[in-house]
Amino acid sequence: MSTVATTHSPLRPRKSRVLTAVMAVYLLYTLVPLVWLLISATKTQQDLLSTSGLAFGGTFALLDNIAETFSHDGGIFLRWLGNTLLYVVVGAGGATALATAAGYGLAKYRFRGRRAVFAVLLGAIAIPGTALAVPTFLMFSNLGLTNTPWAIIIPSLVSPFGLYLVWTYAVEAVPDELLEAARIDGAGELRIFFTVTLRLLLPGVVTVALFAVVSTWNNYFLPLIMLSEPDWYPLTVGLNQWSAQASGVGAQPIYHLVITGAVITIVPLVIAFLLLQRFWQSGLTAGSVKQ
Amino acid sequence: MSPTRRSRQVAIVLATALATALSACSSGDSGTAPGGATGTQDAVDAALREGGEITYWSWTPSAKAQVEAFQQEFPNVKVNHVNAGTGNDHYTKLQNAIKAGSGAPDVAQIEYQALPQFAMTGALVDLGQYGFTAFEDDYTPSTWNSVKVGGGLFGLPQDSGPMALFYNKEVFDRHGLTVPKTWDEYVEAARKLHAADPTKYITSDTGDAGFATSMIWQAGGKPFTTDGKNVKIDLQDEGSRKWTATWDALVEEKLVSTIPGWSDAWYKALGDGTIATLATGAWMPGVLESSVPGGAGKWAVAPLPTYDGKTPVTAENGGGGQSVLKQSAKPALAAAFVRWLNNGNGVKPFLDSGGFPATKADLESSAFKDEAAPYFGGQQINQVLTAAAGQVVPGWSYLPYQLYANSIFGDTVGKSYADSTGLDPGLTAWQQALVDYGNQQGFTVTTG
């Protein structure tokens, strides 16, 4: 055992050239499109169509591009950015809150129908959102909610996967003994939830929040069919509309704005990941070691 | 998201929507599709005097200016212009709103290839009831034919796209190529060009349904015929095979560039001579002028090559008109707007935006015909293009589910392109998929 430990210490794993090479290739695979995007955002439409993708153009037009992105078509990009933020804050925020409360409740309270909820939940995770988009559209249409922000926010509020994640996380992270102790000390259930449970669940909640933020931020198909009024578009659908106007009769390509808009669109997500990644890591590894 | 994946999703939506629309059509009384209503324009004039508010969905570049001009002329009418998306996005939303029974605009832009689908499912108002059939002589025969479905009139044509050959004169001169008059000469030019400079291609084509159907149209093919719910598909008729016999050579010998149409790389290739010709609709000059500045002074226009080199024939590619939706609460006012757009003062802002009209008077006016285009080195390109407008092969029609058909073109014929093999097996696979789909949707589909 000790001889093995000297060569394969868990703290100093053996280096593998093959794995390093695979990682390097993967790194390139991930970074090259990003580099292309960043370089392209600095070019004018003219340079974009006449210079190599991974080289800078004749003029450095990043600031002009950003200014034009925000002013094109009456400044509608800013409106789309605001819409996306609204959908993320209300939709993803609400989804996280609901998933947290429900997941905790299912993990720690015994009541009739728990198994049924579990079955429904697993079923809901298995159905891709795209398949539900059209039925959801028809339902919302009957309610008269299409073409309003509610058509995006309400479906985003439900996150079966997030609920499942909090549920399994709560089983591990919140000891029953702690809850009992709190009850004996006279704390009500709500107070226990907000003062004891939430702190213990925080890594899990942040993980769920990140998932919800990313999926709401990237939500494309649902708003595409729900909304026809560009004033309510999120960034994804709006950018696609700008991109699509490059084709067909009366084509008006504005690729430089689409690319600059894409850069602006990913910046908030990158920031969110950098800020929250330590929670994210501890959330993902929770329960992997028996304590 | 990749374009193919998106178009597949769109196809799914369109398929579901169409299925319901059709079943509603067969069971209910609401869907009295193609008709042949007649009436007068009195109701339209009265509605215009009364005024009101309507919604108009369009992605055309001229829509904004047109709506502003209309409201200035008729201050008692308010038109809400909505750009709901370009192409398939627009149709998906339109079809969904129709299926849902609410949320559709009063007036919508609908391209010729998509019109039968919306007309057949009873979503559009037959403008014959407002006496618009009287406008027949104002339009080119091919565009008028495109807005008539099963005896009804389901829109007024706005633009047209008679095909011509756009070629890069600079590339042609440098390699000593002559402008091809026949498709055989075109293939020869493709070989010569690519041999002389392997970075240059005669054109780019990765499998585009709109282009393929237009080429079959020009070759005299009539692969789609619809009579009520009976649809006949024959993508191996004489015209279709005539086209594939020519185009196979280009695809099999890899003489066409694989740059996808309308991508940034494509625009770049149009500017630097990588793509030497484009066989496309007469609306292309506006796109070249505004978006391919690198090609200024290099491009020129010639009639589309033919198979016999004698009789000039061409086909329509792209273009469309405006229709009134049955959901509209003010159909007469909506019809008034459509009349103004495409048979009144709305044509001028359309022309100003670089559009190619469908109205004979504008096509034949000397101001339009004799205009020298600086981008094209001063060539009077409209001489060629307006001549083409009168040489379109008559009798073409699209499928009543052409949008779906186009969305699966890449899965079937696209394979032939990707493997550089003959197009006929691809067309046969496309036909089979279309027969199966049509039968599922409640049509009775036969093959030729």
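Residues numbered from 1 in each chain as written. Chains lettered and ligands numbered in written order. Predicted model: local features only at pLDDT ≥ 70, side-chain atom pairs only at ≥ 80, totals over all residues.

Novice: Can you tell me about the overall build of chain B, naming the residues and giving the values?
Specialist: Scanning chain B from terminus to terminus reveals 20 helices and 15 strands. The C-alpha atoms of chain B give 22 Å as radius of gyration, which agrees with the globular expectation for 448 residues (22 Å, within 12%). The buried share among the 448 residues of chain B stands at 55%. Relative to all contacts within chain B whose residues are 6 or more apart in sequence, the contacts with residues 24 or more apart total 78%. (Helix = DSSP H or I, 4+ residues; strand = E, 2+ residues; numbered from the N terminus. Rg over C-alpha atoms; globule rule 2.2 N^0.38 Å. Buried ≥ 20, exposed ≤ 12 C-beta atoms within 10 Å, placed from the backbone. Contact = placed C-beta atoms within 7 Å.)

Novice: Mind laying out the overall build of chain A, listing which residues take part and the relevant values?
Specialist: Secondary structure assignment for chain A yields 13 helices and zero strands. From first element to last, N terminus to C terminus, chain A shows the α and β order α-α-α-α-α-α-α-α-α-α-α-α-α. Computed over its C-alpha atoms, the radius of gyration of chain A comes to 24 Å, more than 25% above the 19 Å expected for a compact globule of 291 residues. The principal-axis extents of the C-alpha atoms in chain A amount to approximately 70 × 65 × 30 Å. Here chain A holds 291 residues, and the buried ones make up 34% of them. A separation of at least 24 residues holds for 74% of the contacts in chain A among residues at least 6 apart in sequence.

Novice: Give me the lowdown on the sheet that holds strand E13 (residues 299–303) of chain B, citing residues and values where you can.
Specialist: All names here are of chain B. Taken in spatial order, the three strands of this open sheet run E12-E7-E13, and their pairing is antiparallel. On the outer flanks of this sheet lie strand E12 (277–281) and E13, each paired with one strand and no other. Strand-to-strand twist in this sheet, taken as the mean axis angle between neighbours without regard to direction, amounts to 30°. Relative to E12, strand E7 (residues 163–168) runs antiparallel, the two being bridged by five bridges. Bridge pairing in E12 places Leu165 opposite Ala279. The strands that helix H17 (residues 381–389) touches are E7 and E13; relative to E13, the one it contacts most, it runs at about 30°. (Pairing = 2+ DSSP bridges. Axes fitted to C-alpha atoms, helices over the stretch in contact; angles between N-to-C directions.)

Novice: Any chance you could break down the interface of chain B and chain A for me, citing the residues and the numbers?
Specialist: At the interface, 39 residues of chain B touch 30 residues of chain A. Looking at the side of chain B that touches chain A, the elements that each hand over two or more residues are helix H1 (3–27), helix H4 (88–100), helix H11 (264–272) and helix H12 (284–291) of chain B. Of the residues that constitute the side of chain B that touches chain A, the class distribution is twelve nonpolar, 21 polar and six charged. (Nonpolar A, V, L, I, M, F, W, Y, C, P; charged D, E, K, R; others polar.)

Novice: Describe in detail the environment of Gly123 of chain A, supporting the description with residues and values.
Specialist: Turning to its location among the elements, Gly123 of chain A is positioned in helix H5 (residues 114–126). Given 10 C-beta atoms within 10 Å, Gly123 of chain A falls into the exposed group.

Novice: Now, about the packing of H5 of chain A against helix H8 (residues 160–173) of chain A: what can you tell me, with residues and values included?
Specialist: All names here are of chain A. Running from amino to carboxyl end, H5 crosses H8 at an angle of 130°, the nearest separation of the two axes being 8 Å. In terms of orientation, H5 lies oblique with respect to H8. Two packed elements cross with a definite hand, and for H5 against H8 that hand is left-handed. Residues Leu121, Ala124 and Ile125 of H5 form the contact with H8, whose participating residues are Pro160, Phe161, Leu163 and Tyr164. Considering only residue class, the contact of H5 with H8 consists of seven nonpolar, no polar and no charged. (Parallel < 35°, antiparallel > 145°, perpendicular 65-115°, else oblique. Left-handed = near helix turned anticlockwise from the far one by under 90°.)

Novice: Give a description of the confidence of the model for chain A that names residues and reports values.
Specialist: Confidence along chain A averages 88 in pLDDT terms, with 92% of residues attaining 70 or more. Taken as a whole, residues 1–6 of chain A scores under 50 in pLDDT and shows zero contacts with residues more than four places along the chain or in a different chain. (pLDDT = per-residue confidence, 0-100.)

Novice: Go over the sheet that holds strand E1 (residues 52–57) of chain B, please, and point to the residues and values.
Specialist: Residue and element names in this part refer to chain B. Strand order in the open sheet made by the five strands is E2-E1-E3-E14-E6, with mixed pairing throughout. Two strands close off the open sheet at either side, each with one partner strand: strand E2 (77–82) and strand E6 (156–157). Pairing of E6 with strand E14 (residues 320–324) involves two bridges; the strand directions are antiparallel. Bridged to Pro157 within E14 is Gly321.

Novice: Now, about the nonpolar core: what can you tell me, with residues and values included?
Specialist: The biggest cluster of nonpolar side chains holds 189 residues, and the ones touching the most others in it are Val166 of chain A together with Ala164 and Phe337 of chain B. Sequence-distant contacts of Phe337 of chain B, that is, excluding residues within four places in its chain, are made with Ile54, Tyr56, Phe70, Val79 and Val107 of chain B. (Core = buried A, V, L, I, M, F, W, Y, C linked by C-beta atoms within 7 Å.)

Novice: Just give me the short version of unusual backbone geometry, but keep the residues and values in it.
Specialist: Its identity is not glycine, yet Asp73 of chain A carries a phi of approximately 55°, on the positive side. By the C-beta count within 10 Å, which is 15 here, Asp73 of chain A ends up partly exposed. Of note, the phi angle at Trp262 of chain B is positive, near 70°, even though the residue is not glycine. With respect to the helices and strands, the residue Trp262 of chain B is situated in the loop between strand E11 (256–257) and H11.

Novice: Can you tell me about the pairing of E7 of chain B, naming the residues and giving the values?
Specialist: Residue and element names in this part refer to chain B. Taking burial as the measure, the six residues of E7 include six buried ones, the bulk of the element. Residue alternation in E7 divides its side chains into two sets, Met163, Leu165 and Tyr167 and Ala164, Phe166 and Asn168, and both sets are buried. Bridge count between E7 and E13: five bridges; the pairing is antiparallel. Of the residues in E13, the one forming a bridge with Tyr167 is Ala300.

Novice: I'd like a description of helix H10 (residues 189–217) of chain A, backed by residues and values.
Specialist: In a regular helix each residue adds 1.5 Å, so 29 residues correspond to 42 Å; H10 of chain A covers only 34 Å between its end C-alpha atoms and thus falls short of that length. Along its length, H10 of chain A reaches its greatest deviation from straightness, about 65°, at Leu202 of chain A, and the proline Pro203 of chain A lies no more than four positions downstream. (Expected span 1.5 Å × (residues − 1). Bend = angle between axes of the 7 residues up to and from the residue.)

Novice: Residues and numbers for the confidence of the model for chain B, please.
Specialist: Residue and element names in this part refer to chain B. Per-residue confidence for chain B gives a mean pLDDT of 91; residues scoring 70 or more make up 92%. Scored below 50 in pLDDT, residues 1–12 makes 14 contacts in the model with residues more than four places away or belonging to other chains. The low-confidence segment residues 19–33 (pLDDT under 50) makes 26 contacts with residues lying over four places distant or belonging to another chain. Interface confidence in the predicted complex, given as ipTM, is 0.78; pTM for the same model is 0.85.

Novice: Please set out helix H13 (residues 331–343) of chain B residue by residue, giving values where relevant.
Specialist: Turn by turn, an α-helix covers 3.6 residues, leaving residues three or four places apart pointing in a common direction. With 13 residues, H13 of chain B should reach 18 Å at 1.5 Å per residue; the first-to-last C-alpha distance of 17 Å fits that figure. With twelve of 13 residues buried, H13 of chain B is to be regarded as a mostly interior element.

Novice: Kindly report on the packing of helix H4 (residues 62–108) of chain A against H10 of chain A, identifying the contributing residues and their values.
Specialist: All names here are of chain A. At a minimum axis distance of 8 Å, the contact between H4 and H10 shows a crossing angle of 140°. For the element pair H4 / H10, the angle class is oblique. Where H4 crosses over H10, the handedness of that crossing is right-handed. Only Phe193, Thr197, Leu201, Val205, Val208, Ala209, Ala212, Val213, Thr216 and Trp217 of H10 make contact with H4, whose side of the interface consists of Thr84, Tyr87, Val88, Gly91, Ala92, Ala95, Thr96, Ala99, Thr100 and Tyr104. Class assignment of the residues belonging to the contact of H4 with H10 gives a composition of 14 nonpolar, six polar and no charged.

Novice: Describe in detail the environment of Pro180 of chain B, supporting the description with residues and values.
Specialist: Residues and elements named next belong to chain B. Tracing the sequence through the fold places Pro180 in the loop between helix H7 (169–174) and helix H8 (183–196). Put simply, Pro180 and Phe443 are 263 residues apart on the chain and 42 Å apart in space, counted from C-alpha to C-alpha. If near-sequence neighbours (up to four positions away) are discounted, Pro180 is found in contact with Glu185, Tyr186, Ala189 and Pro305.

Novice: Would you mind going over the environment of Lys310 of chain B in detail, with residue names and values included?
Specialist: Residue and element names in this part refer to chain B. Looking at the element boundaries, Lys310 is found in the loop between E13 and E14. We classify Lys310 as exposed; it has 9 C-beta atoms within 10 Å. When the C-alpha atoms of Lys310 and Gln95 are compared, they prove to be 43 Å apart, with 215 residues separating the residues in sequence.

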